[in-house]
Amino acid sequence: MAYDMDRCPQTEEEFHEYFFTLIGRDYMAPADGWEAVMEAAYWWQGHQLNIPPGVGPGVRQPPDAPFFGLTQQYSGGPKGRIFLPTDSPDELGYYTRCMQYLDDAVGTYEKSKKQVTSTSSGLIWSWYWVAGAEYSPVTGPDSTAPPDSSELAARVAALEEAYGAMADDLLEMQTLLAGGLHAHGPINLPIVLESLTSLRCKGDIDVQVKPGQAIPPNMDSDPPPDAATIALLRHLIGQDGDEADS
């Protein structure tokens, strides 16, 4: 029966099964390309994550730690060892149990506790203790991996949705402005005589703003007023002035 990858391993034997199921390799099988395997990303709570590097002294893995607290020795590349969480620190203060997952067919590295090197050959997938206290699960037997719909994930999702809506609105505004805007509608304003030389429109303009470029009128299309029109306008202005004085 396949191991339940959403259930925290409760024993080291279960973690052994979890580890090899996670990386998709068989215990005691040839470990060709093991570095690429340990540098690859694996599914955790809907995301592709790398197996994290080991934590420093005094650091204990939280219940929601990726891969149930599994970390690895990594410095410029994987070094052939992983760390399981513990409740007790070692002599250097690390809350980890160091396991080596590589050996050769005759158990050279398990016997010597030495690490493999770039020149090591004939390696197989293995599992043996190197240092540290007993393994301690980060969650209990009835606990599973935290759901992806946690409070933090829900907040992040809400922020992402709001940002997406704002980005859509901004793009729409930029597109609208790039196409231009113009006022559309009838304008009905009184012309008010302010002085003998000033006529002005005064009032509110009630128009709709619509997309598109406005086409200004041709100011040169109408001929200038003739002398008779100007004389008539002056006569009317003069009459208004006389009525105002009487």
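Fair warning: this is a prediction, and the values are worked out from it, not measured in the lab.

**Brief notes about the overall build of the chain**
Each helix and strand counted, the chain has 5 helices and 10 strands in total. Taken across its 246 residues, the chain has 26% of its residues classed as buried. For the chain, the share of sequence-separated contacts (at least 6 apart) that also reach a separation of at least 24 residues comes to 55%. Just so you have it, the chain exposes about 16,600 Å², and 57% of that area is on carbon and sulfur atoms.

**Here we look at the sheet that holds strand β6 (residues 123-132)**
Here we have 4 strands laid out as an open sheet, ordered β3-β4-β5-β6, and antiparallel in their pairing. One side of each edge strand has no neighbouring strand; the edge strands of this open sheet are β3 (71-74) and β6. Shown here is a sheet whose adjacent strand axes are inclined to one another by a mean of 35°, direction ignored. Looking at chain direction, strand β5 (residues 96-104) and β6 are connected through 7 bridges and run antiparallel.

**Some words on the side chain of R97**
One can find R97 in strand β5. Accessibility expressed as a relative area gives 8% for R97, which makes it buried. In terms of polar contacts, R97 uses its side chain to reach the side chain of E12, at 2.6 Å. Not counting chain neighbours up to four residues away, the residues in contact with R97 comprise E12, I82, F83, L84, T86, W129, A131, G132, A133, E134 and Y135.

**What to know about unusual backbone geometry**
Even without glycine at this site, Q45 takes up a positive phi of about 55°. Backbone geometry places F68, a non-glycine residue, at a positive phi of 55°. Residue position: F68 is located in the loop between β2 (47-50) and β3. Taking the relative accessible area as the measure of exposure, F68 reaches 0% and is therefore buried.

**Observations regarding helix α1 (residues 12-23)**
The terminal C-alpha atoms of α1 lie 17 Å apart, and with 12 residues this matches the ideal 16 Å at 1.5 Å per residue to within 8%. Every buried residue of α1 is listed here: E12, F15, Y18, F19, F20, L22 and I23. Contacts from the buried residues of α1 go to α2 (34-39), β1 (41-44), β4 (78-85), β5 and β6. With its phi angle positive at about 70°, G24 sits one or two positions after the end of α1.

What counts and what doesn't
- Residues numbered from 1 in each chain as written.
- Predicted model: local features only at pLDDT ≥ 70, side-chain atom pairs only at ≥ 80, totals over all residues.
- Heavy atoms only, no water.
- Helix = DSSP H or I, 4+ residues; strand = E, 2+ residues; numbered from the N terminus.
- Buried < 20%, exposed > 50% of the residue type's maximum accessible area, 1.4 Å probe, protein only.
- Contact = heavy atoms within 4.5 Å.
- Areas by Shrake-Rupley, 256 points an atom, 1.4 Å probe, with all protein chains shown as cover.
- Pairing = 2+ DSSP bridges.
- Axes fitted to C-alpha atoms, helices over the stretch in contact; angles between N-to-C directions.
- Polar contact = N/O pair within 3.5 Å; in protein donor to acceptor, adjacent residues only side chain to side chain.
- Expected span 1.5 Å × (residues − 1).

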